[in-house]
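Remarks on the overall topology
Below, each chain spelled out in residue letters.
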Amino acid sequence: MSVLSKPYFHDEAAAFTFVEGLIWPEGPHCRHCGSVNRLTKVTANPEKRIRHGLYRCGQCKGQFTVRMGTIFEESKLPMTKWLQAIYLMCSSKKGVSALQLSRTLEVTYKTAWFLAHRIREAMRDGALAIPFGEDGGAVEVDETFIGRDPDYSGPGAAYHGKCKVLTLVDRQTGRAKSQVVDKLSAADIAPILEANIAREARLMTDEAQLYKVLGWHFADHGTVNHSRDQYVSPQDRTIHTNTIEGYFSIFKRGMKGVYQHASKKHLHRYMAEFDFRYSYRIALGVNDEARTNRAIEGVVGKRLTYRGGTNQRPEATQA
Ligand SMILES: [Zn+2]
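Attention in this report is confined to the structure presented alongside it. Note that the coordinates shown come from a computational prediction; the quantities given were computed from them, not determined experimentally.

To continue, consider the overall build of the protein chain. In terms of helices and strands, the protein chain carries 9 helices and 8 strands. In terms of overall dimensions, the protein chain has C-alpha extents of about 70 × 45 × 40 Å along its principal axes. The buried share among the 319 residues of the protein chain stands at 34%. A fraction of 60% describes how many contacts in the protein chain between residues 6 or more apart in sequence connect residues 24 or more apart.

Here it is as structure tokens:
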């Protein structure tokens, strides 16, 4: 049986029950006063405009649904379509374009575009609970260049005019964390490494001057010489950046093949999407269904508001 034939992808009541189970594992609680008692479920009745998933609180007399305070809140889209969209984005290797989403879900392009960006917010991890490289594990750090950086003007090699992405991969847990940065200077990069990598870690980078300055902060620092096409140290085979090269190749294929026109101001959300799928990938024992559920659990507290309100047009983009 295909995963997509599950009732919560087609039946609105089942979709609410499913999402409530993930977001409220201990049962519903009132969005207004926090009460877990005297909550009554109101029977959905579309003719009387009574929404699915509506609860009434006997304590404060307020009404709420599981959508409140989540990325689902400001949309009239049925929950079934949200769940289909999340599943599609979680199960595709390289991502799903807004055009593809709009065709599959039968929604407008604009709806699909906003939907996809909200789902990327749900995929975004906040601060790491456990820093990378704890217990002395290896953490690979490298940067890549993509698209055009509209904030840059001036001389320099071609990559200076591109958007800069710094990625960290914890070799032990297999997780990735990326950040869009304005400059690749020690002053810009140091706080990112210090906030996300344990001091006990073995840092793995190329021989860029930048990392030489930062390496002392960690227990060990192994380097390979990318400019001489060296990706594994001949002296010590554990010194390499192969893991992060693998991450970048998935990211680059996705950005080229699916999200051709991602702009700098949205790039961090695309990075969150690639980090998410990579960190919860099948090789780490996470299947499509578990990955989808993990994304749904991330919808809480991630409401995305765009400056200029909801009338702001999505960019002329195919992504
Ligand atoms: Zn209440």
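Attention now goes to helix H4 (residues 109-123). Here H4 is 15 residues long and its end C-alpha atoms lie 21 Å apart, about the 21 Å a rise of 1.5 Å per residue gives. Among the 15 residues in H4, 11 count as buried, and that is most of the element. The elements touched by buried residues of H4 are helix H2 (79-91), helix H3 (98-105), helix H8 (264-279) and helix H9 (288-297).

Another point: the pairing of strand E6 (residues 175-181). A regular strand carries its side chains on alternate faces of the sheet. Counted residue by residue, E6 has 5 buried out of 7 residues, so it is predominantly covered. Strand direction decides the pairing type here: strand E5 (residues 163-170) and E6, joined by 7 bridges, are antiparallel. Along E6, the bridge assignment pairs Val 169 with Ala 176.

In this section: the nonpolar core. Of all hydrophobic cores here, the largest spans 67 residues; its most connected members are Ile 86, Ile 119 and Val 139. Ranked by residues supplied to this core, first place goes to H2 with 9 residues. Apart from the residues lying within four places of it in its own chain, the contact partners of Ile 119 are Ala 85, Ile 86, Met 89 and Ala 295.

The next point concerns helix H1 (residues 12-23). Compared with an ideal rise of 1.5 Å per residue, which puts 12 residues at 16 Å, H1 spans 16 Å between its outermost C-alpha atoms and is within 8% of the ideal. Looking only at H1, the buried set comprises Ala 15, Phe 16, Phe 18 and Val 19. One side of H1 carries all its buried residues, which in axial view fall inside an arc of 165°. In this fold, the buried residues of H1 make contact with H2 and H9.

Before going further, it helps to examine the environment of His 221. Relative to the assigned elements, His 221 resides in strand E8 (residues 220-224). Spatially, the C-alpha atom of His 221 lies 51 Å from that of Glu 106, the residues being 115 residues apart in sequence. Leaving out residues up to four positions away in the same chain, His 221 has contacts with Leu 203 and Gly 215.

Attention now moves to the packing of H2 against H4. Viewed as axis vectors pointing N to C, H2 and H4 meet at an angle of 65°, and their least axial separation amounts to 10 Å. Comparing their axes, H4 and H2 come out roughly perpendicular. Regarding H2 and H4, the two cross each other, and that crossing is right-handed. For the pair H2 and H4, contact is made by Ala 85, Ile 86 and Met 89 and by Leu 115, Ala 116 and Ile 119, respectively.

As a packed pair, H1 and H2 sit with axes 8 Å apart at the nearest point and diverge in direction by 60°. Judged on the interaxial angle alone, H2 and H1 are oblique. Taken together, the residues of H2 that come into contact with H1 (itself represented by Glu 12, Ala 15, Phe 16 and Val 19) are Met 79, Thr 80 and Leu 83.

What counts and how
Residues numbered from 1 in each chain as written. Predicted model: local features only at pLDDT ≥ 70, side-chain atom pairs only at ≥ 80, totals over all residues. Helix = DSSP H or I, 4+ residues; strand = E, 2+ residues; numbered from the N terminus. Buried ≥ 20, exposed ≤ 12 C-beta atoms within 10 Å, placed from the backbone. Contact = placed C-beta atoms within 7 Å. Expected span 1.5 Å × (residues − 1). Pairing = 2+ DSSP bridges. Core = buried A, V, L, I, M, F, W, Y, C linked by C-beta atoms within 7 Å. Arc of directions from axis to C-beta. Axes fitted to C-alpha atoms, helices over the stretch in contact; angles between N-to-C directions. Parallel < 35°, antiparallel > 145°, perpendicular 65-115°, else oblique. Left-handed = near helix turned anticlockwise from the far one by under 90°.

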